[in-house]
Amino acid sequence: SLQKWVNREISNFDYLIQLNTMAGRTYNDLAQYPVFPWILQDYTSEELDLNNPAVFRDLSKPIGVVNEKNAKAVKEKYENFEDPLGIIDKFHYGTHYSNAAGVMHYLIRVEPFTTLHIQLQSGRYVVSRKILPLRTWSKSNLNFLINRFDCADRQFHSIPATWQALMDNPNDVKELIPEFFYFPEFLENQNGFNLGQLQMSKEVVNDVVLPKWAHSPEDFIYKHRKALESEYVSAHLHEWIDLIFGYKQRGPAAVEALNVFY
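Remember, it's a predicted structure, so these values are computed and weren't measured experimentally.

1. Quick word on the side chain of Asn20
Alright, step 1. Its place among the elements puts Asn20 in helix H2 (residues 12–22).
Alright, step 2. Take Asn20: its relative accessible area is 1%, and that puts it in the buried class.
Alright, step 3. In this view, Asn20 contacts Arg25, Pro34, Val35, Phe36 and Phe245; residues no more than four positions away in its chain are not counted.

So, in structure tokens, the structure goes:
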């Protein structure tokens, strides 16, 4: 696979899927769901220029320090951390770039993730092979769980706002999931779920707000996938792979790269 990828015989998408599979990640386990990188940093332009390196995220840095301003705080946190019991090793980030809650966060508009999200918010989340979709629940169950979605402001309601939050907050280090590159439906509230209102703007949370350069969920997926296969990403993707799957995961290289997780 590596040689095929180097020779450009398989796509960046296919290679990432194969890497995830070899690393034991699978769609069947929310806690080990496939992880993909944020690859862009321009979510505000009217047009997306894939020939301009400035539109791409720096793939050599963990998402928590892509914004240089966060690097100092992250470094200090690591250097000043001390577990009085001596059990917990030093770390840069207390959360993870991929976890079950993060997967549900992105996929809240599609089943079975909607039901899983509600169960998580109501304290009833259990990992089970049998997840019953909302439409099959009894009325009393539904009444109990009504409005049990997480606070609207914390939901995945906008791609530009999600990116901005990552840049502002070094404690939010969520990378992406593969669906961002092939599944437009997860960006639409096709089931008409009542996801609440944003506190400041009173805007109702419905379909995911897209970057200006995307005219529809399908257009976003098309351009985002095109970006993943672009010359820039092809030349730099190995740097992100080193952080997630390679030699910068732990040890001195991870410390140097500000890439140590709890």
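Moving on, there is more to tell.
2. A short note on the confidence of the model for the protein chain
Alright, step 1. With 89% of its residues at a pLDDT of 70 or more, the protein chain shows a mean pLDDT of 89.
Alright, step 2. Helix H6 (residues 139–145) is the least confidently modelled element of the protein chain, averaging 48 in pLDDT, while helix H8 (residues 217–228) averages 98, the highest of any element.
Alright, step 3. Predicted confidence for residues 142–147 stays below pLDDT 50, and this span has seven contacts to residues more than four positions away or in other chains.

3. Looking at unusual backbone geometry
Alright, step 1. For the bond running from Glu111 to Pro112, omega is 5 degrees, close enough to zero to count as cis.
Alright, step 2. Of note, Pro112 is situated in the loop between helix H4 (100–106) and helix H5 (113–121).
Alright, step 3. If you check the backbone angles, Arg8 has positive phi at about 60 degrees while not being a glycine.
Alright, step 4. As for its position among the elements, Arg8 is in the loop between helix H1 (2–6) and H2.
Alright, step 5. Using a relative accessible area of 52% as the deciding quantity, one classes Arg8 as exposed.
Alright, step 6. Non-glycine residue Lys202 carries a positive phi angle of around 60 degrees.
Alright, step 7. Within the secondary structure, Lys202 sits in the loop between helix H7 (159–168) and H8.

What counts as what
- Residues numbered from 1 in each chain as written.
- Predicted model: local features only at pLDDT ≥ 70, side-chain atom pairs only at ≥ 80, totals over all residues.
- Heavy atoms only, no water.
- Helix = DSSP H or I, 4+ residues; strand = E, 2+ residues; numbered from the N terminus.
- Buried < 20%, exposed > 50% of the residue type's maximum accessible area, 1.4 Å probe, protein only.
- Contact = heavy atoms within 4.5 Å.
- pLDDT = per-residue confidence, 0-100.

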